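# Chain and residue survey
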Amino acid sequence: MNKKFSYFLPYSPFQDLSGFCNDHQSRYPADWVYRPLGMELEITAACNLGCAGCAVEKSANVLSTEIIEKIFAGAAGTGIAFYTLTGGEPFQSFDRLLEIIKIAPLDLYKINTNGFAFDTIQNTEKLLTRLYFSTHNRFLKPGLYISQGQQNIAGIPLLNSIYALVSALTLLDPERFFITLANFDYNPENMEKIEKEFQLLLDKYQLPLNLFDFHFIKIVDPVLCSTAIRKSTRDNEETGLEMLVERFNERILNCSPQAVINNNDYLGPRLFVRANGDVFACPGFSLVHRIGNIRTESLEGILYNANQSKIIRRLFSGGLPALYKEMQRSSPTLANRSLNSLSGPCNICAYLKNC
């Protein structure tokens, strides 16, 4: 049995999610409904894999250090308290990861990775040690989010995740670091096979996971909101919405918003900055609605304009039912399909109105 997951460092002034959320969101103007707690930075669109269902279109796009410094400067004075680094594959340039962490005035929440860099115990120990001692968080426990499933099918050994767990258990303070393993696959047979293989490895190495902040989550279809976001950038918002509704109708995931909070699978809301500079109101934002571009606009301006947007205000004050109403208004044909107005594929939209 895994120990109960905790977001917070032992010396943090916050030890519960509601207090942390309320404190930081109170720093925004009172009439704002979109008040992000954090941001997810897609620092590169380059990746060493080609996983099925990936939302990232490989390109040479990167968020330069200059742009990232601009983002961090814009976050000052807002309620944004943390950041996540994602890609592409962030560990393809580990020294740059450390550079970003060094200049960041915010807490590092997690780094998303396919785990390719953890190919031996020795390499993994070096990487995790350097990463661990580079962080300077005030509130949140930093960690790794290692994707499994399609990543393993694309060539990453499951053993890499074991090396990460072994190294963390050996070297790091479990009160100050966490690891999440997320099993992504749209094929239930593949998922079941990978889960069985991984359990055999856990048994073989006899890892005392109850001593560490480790949790394992399962997402059957990784191409829910992400597919809609990717498709909308190619075509238009209605095409993205149509694909999203199709995924809703499949009812792959159906957890209550409270279950998401209880399982600690999401800390938000947070804005999402893609490697080309495009900014979305949420990493999985269901309306597929771009709110600006950080290359040409300031973060302060993007946040202000987002809160003047009727669509953003409607959604972030009303959750997923408001999304349904917006779709009834703007795309009645899509809305007439059997869209579940109480829970979404990631349940974030219904959760936002409670945070």
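Now for a quick tour of the structure. Remember, it's a predicted structure, so these values are computed and weren't measured experimentally.

Quick look at the packing of helix α2 (residues 65-75) against helix α3 (residues 94-103) now. Packing of α2 against α3 brings their axes to within 11 Å, and their N-to-C directions diverge by 30 degrees. By the criterion of interaxial angle, the relationship of α2 to α3 is roughly parallel. Crossing of α2 against α3: the hand is right-handed. Packed against α2, whose contacting residues are Thr65, Ile68, Glu69 and Phe72, the element α3 presents Arg96, Glu99, Ile100 and Ile103 at the interface. Of the residues in the contact of α2 with α3, the class split is 4 nonpolar, 1 polar and 3 charged.

Within the element layout of this structure, Asp119 appears in the loop between β3 (107-113) and α4 (121-132). Put simply, Asp119 and Leu159 are 40 residues apart on the chain and 7.9 Å apart in space, counted from C-alpha to C-alpha. The residues contacting Asp119, other than those within four sequence positions of it, are Thr124, Asn160 and Tyr163.

Where α3 contacts α4, the axes come no closer than 10 Å and their chain directions differ by 15 degrees. Taken together, the axes of α3 and α4 are roughly parallel relative to one another. The element α3 and its partner α4 pack so that their crossing is right-handed. Contacts between α3 and α4 involve Phe94, Asp95, Leu98 and Ile101 on the former and, on the latter, Leu127, Arg130 and Leu131. Classifying every residue of the contact of α3 with α4 by side-chain character gives 5 nonpolar, no polar and 2 charged.

Working definition: two side chains of opposite charge can pair if their charged atoms are close together. Counting across every chain of the model gives 7 salt bridges. Residue Arg274 pairs with Glu42 through a salt bridge whose shortest N-O separation is 3.3 Å. Here Arg274 is found in the loop between β7 (270-273) and β8 (278-280), whereas its partner Glu42 is found in strand β1 (residues 38-42), with 232 residues between them in sequence. Like Glu42, Arg274 is buried. With its nearest N and O atoms 2.6 Å apart, the salt bridge here joins Arg176 to Asp173. By relative accessible area, Arg176 is classed as partly exposed at 29%.

Turning to the nonpolar core, a few remarks are in order. Core analysis: the biggest nonpolar cluster contains 60 residues, and Met39, Leu41, Tyr83, Leu85 and Leu144 have the highest contact counts within it. Excluding residues that lie within four positions of it along the chain, Leu41 makes contacts with Leu63, Ile68, Ile71, Phe72, Thr84, Leu85, Thr86 and Val273. In this structure, Phe14, Leu17, Phe82 and Tyr109 belong to the second largest nonpolar core, which totals 14 residues.

A few words on helix α11 (residues 299-308). Along α11, the positions that sit buried rather than exposed are Leu299, Ile302, Leu303, Ala306 and Asn307. Seen along its axis, α11 keeps its buried residues to an arc of 130 degrees; they face one direction.

About the thresholds
- Residues numbered from 1 in each chain as written.
- Predicted model: local features only at pLDDT ≥ 70, side-chain atom pairs only at ≥ 80, totals over all residues.
- Heavy atoms only, no water.
- Axes fitted to C-alpha atoms, helices over the stretch in contact; angles between N-to-C directions.
- Helix = DSSP H or I, 4+ residues; strand = E, 2+ residues; numbered from the N terminus.
- Parallel < 35°, antiparallel > 145°, perpendicular 65-115°, else oblique.
- Left-handed = near helix turned anticlockwise from the far one by under 90°.
- Contact = heavy atoms within 4.5 Å.
- Nonpolar A, V, L, I, M, F, W, Y, C, P; charged D, E, K, R; others polar.
- Salt bridge = Lys/Arg side-chain N within 4 Å of Asp/Glu carboxyl O.
- Buried < 20%, exposed > 50% of the residue type's maximum accessible area, 1.4 Å probe, protein only.
- Core = buried A, V, L, I, M, F, W, Y, C linked by side-chain atoms within 4.5 Å.
- Arc of directions from axis to C-beta.

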